[in-house]
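Chain residues, written in single-letter form:
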Amino acid sequence: MTEIPEHLLKRSRDRRAALGLGGDDAGNGGDDAAAKPAADKPATTAGSAPAPAASTAPAGRAAAPAPAAPPPPKPDTPVVAAYKQRRRVPFWAMAALGVLPVWAFLYARALTEQPEEVAGPIGIGAEVYASCQSCHPGGNEGVGYAFAGGEVLETFPHIEDQIRYVYFGTEQYNIAGVEIYGNPDREGGPHITGARNVMPGFGGELTDEEILSVVCHERFTLGGADPSGDYAEEYETWCSEEAPVFADLEAGGALADLDQRVEGVMPIGNEPIPGSPPSE
Ligand code: HEC
């Protein structure tokens, strides 16, 4: 469908107006030119009947410019009419579109945050680890030793010795004159307290439950201990959501005398003691 350009439509309108045809569509130059002499001739030759025709012809010509002055509004084509009456985007749809990015954000969050739902010591420990991150970045070597790749399991075959070291720290071990805080048979030699730098003691700084949790995080999440393999028993006793040690501390028990309440646990005690070799 070809739209006729406005300037062409105007030309046509002007021309029709000049010819005295007003808004009448049917008129064109040829017909009009033929009609004029036809109207004139009878006026000169005929008597009664043609006479009114002769008198109306000029009148018609004089009257024509009036309607031409305000050019008749061009009737809309069906397409234009349909366009003008189209339905606009409703307000509620705009609101719904506006909310879409928020929804997408929440949806993505719901999908990606699932792992953080982990409860128990492993979940708590991941958060508490923010206190350790500066010196043990991501479980790798920093100011302190690395835990990753099983390193921490080499130093502490028993979780009890690690908990005790985190609780008391380098200074307390030095004061107590205890040199080896982990496995004395460690490959490459035992780790000697204060050999590297000062590891702060976290007893009183963190709750007993938080200390257990961060140690579970270091062993299982960062150190790579297998909770369904070699370290299954340790995991079930200390670090799972239902672990009896975790339950004991949650109920208000203290790490210092834990061995008196939970079976199969080595003493942690209330002062630094030397670390122990792997079980026979
Ligand atoms: C200010 C730095 C610093 C911070 C913070 C820190 N550590 Fe340490 N950590 C050390 C240093 C230094 C050593 C080595 C200790 C030594 O030489 O006596 C160490 C050693 C350790 C060890 C023994 C590793 C091994 O294989 O011998 C463990 C376990 C440990 N840190 C756990 C933690 C935990 C858990 C936290 C957080 C609650 C923490 N550290 C926060 C500096 C830090």
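Let me begin by describing the structure that accompanies this report.

Counting secondary structure elements, the protein contains 12 helices and zero strands. Beginning at the N terminus, the succession of helices and strands in the protein can be written as α-α-α-α-α-α-α-α-α-α-α-α. Here the protein holds 280 residues, and the buried ones make up 30% of them. Put simply, the protein shows about 17,300 Å² of open surface, and 58% of that area lies on carbon and sulfur atoms.

We now examine the site of the ligand. The environment of the ligand is formed by 27 residues, the closest being Cys132, Cys135, His136, Tyr181 and Met199. In this structure, an oxygen atom belonging to the ligand sits 2.6 Å away from a side-chain N or O atom of histidine 191. Between the ligand and the protein, one listed contact pairs an oxygen atom with a backbone N or O atom of glycine 194 at 2.6 Å. Among the elements of the structure, α9 (159-176) and α10 (208-222) are those that each provide at least two residues to the shell around the ligand. No other element matches α9, which puts four residues into the shell around the ligand. Residues belonging to the shell around the ligand are distributed by class as follows: 15 nonpolar, 10 polar and two charged.

Turning our eyes to something else, we now look at the coordination of the iron atom of the ligand. Six octahedral donors around a metal ideally subtend angles of 90 or 180 degrees, whereas four tetrahedral donors ideally subtend 109.5 degrees. At the metal site, the iron atom of the ligand is ligated by His136 (NE2) and Met199 (SD), and these contacts range over 2.0 to 2.2 Å. Given six donor atoms and angles of 88 to 180 degrees at the metal, the environment of the iron atom of the ligand is assigned as octahedral. Note that histidine 136 is positioned in the loop between α7 (120-128) and α8 (151-155) and methionine 199 in the loop between α9 and α10, a separation of 63 residues in sequence. Judged by its relative accessible area of 10%, histidine 136 is buried. The exposure class of methionine 199 is buried, given its relative accessible area of 18%.

Right, let's talk about the packing of α7 against α10 for a bit. Their axes nearest at 7 Å, the elements α7 and α10 cross at an angle of 95 degrees. What the angle tells us is that α7 and α10 run roughly perpendicular. Residues Pro121, Ile122, Ile124, Gly125, Ala126 and Val128 of α7 form the contact with α10, whose participating residues are Glu209, Glu210, Ser213, Val214, Cys216, His217, Phe220 and Thr221. For the contact of α7 with α10, the per-class residue count stands at eight nonpolar, four polar and two charged.

What describes a pair of aromatic rings is the distance from one ring centre to the other and the angle between the planes of the rings. Applying the stated criterion across every chain, the model contains seven aromatic pairs. Here the aromatic rings of tyrosine 165 and tyrosine 173 are separated by 5.1 Å at their centres, their planes lie at 70 degrees, and the arrangement is edge-to-face. The class of tyrosine 165 is buried, set by a relative accessible area of 8%. With relative accessibility at 0%, the residue tyrosine 173 sits in the buried group. Centre to centre, the rings of phenylalanine 220 and tyrosine 235 are 5.1 Å apart; their planes meet at 65 degrees, and the pair counts as edge-to-face. One end of the pair, phenylalanine 220, is in helix α10; the other, tyrosine 235, is in helix α11 (residues 232-239), with 15 residues separating them in the sequence. Of the residues examined, phenylalanine 220 reaches a relative accessible area of 9% and is grouped as buried.

Rules behind the numbers
Position numbers for residues start from 1 in each chain and track the written sequence from start to end. With pLDDT at 70 or above as the cut-off, local features in this predicted model cover only qualifying residues; side-chain atom pairs require 80 or more to be listed or tallied, and sums for whole chains, interfaces and linings still use all residues. The basis for every side-chain value is the complete set of non-hydrogen atoms in the structure, without hydrogens or water. A run of H or I in DSSP counts as a helix once it spans at least four residues, and a run of E counts as a strand once it spans at least two, with each numbered from the N terminus. Here the term buried applies to any residue with accessible area under 20% of the maximum for its type, exposed to any over 50%, and partly exposed to those in between, with areas from a 1.4 Å probe on protein chains only. Only the protein chains shown count as cover for residues, and the accessible areas themselves come from Shrake-Rupley with a 1.4 Å probe. Throughout, near means a residue has at least one heavy atom within 4 Å of the molecule or strand. By the criterion applied in these results, polar contacts are pairs of N or O atoms within 3.5 Å in which, for protein atoms, one can donate a hydrogen and the other can accept it, and in which residues neighboring in sequence qualify only through two side-chain atoms. Here the nonpolar group is Ala, Val, Leu, Ile, Met, Phe, Trp, Tyr, Cys and Pro; Asp, Glu, Lys and Arg are the charged ones; every other residue, Gly included, is treated as polar. Donors, by definition, are the N, O and S atoms found within 2.8 Å of a metal, the threshold being 3.2 Å for Na, K and Ca, and water is not counted, so a site can look incomplete. The geometry test gives tetrahedral to four donors whose angles all lie between 85 and 135 degrees, gives square planar to four donors and octahedral to six donors whose opposite members are over 155 degrees apart with all other angles between 65 and 115, and gives irregular to the rest. Convention adopted: a line fitted to C-alpha atoms gives each axis, helices being fitted over their contacting stretch, and angles between N-to-C directions are expressed from 0 to 180 degrees. Should an angle fall under 35 degrees it is taken as roughly parallel, and over 145 as roughly antiparallel, whereas 65 to 115 is taken as roughly perpendicular and any remaining angle as oblique. Contacts: residue pairs with any heavy atoms within 4.5 Å of one another. To pair, rings of Phe, Tyr and Trp, with the six-membered ring standing in for Trp, must have centres within 6.5 Å; the planes then decide the type, stacked if under 30 degrees apart, edge-to-face if over 60, and tilted in the middle.

By themselves, these figures tell us nothing about what the structure is for.
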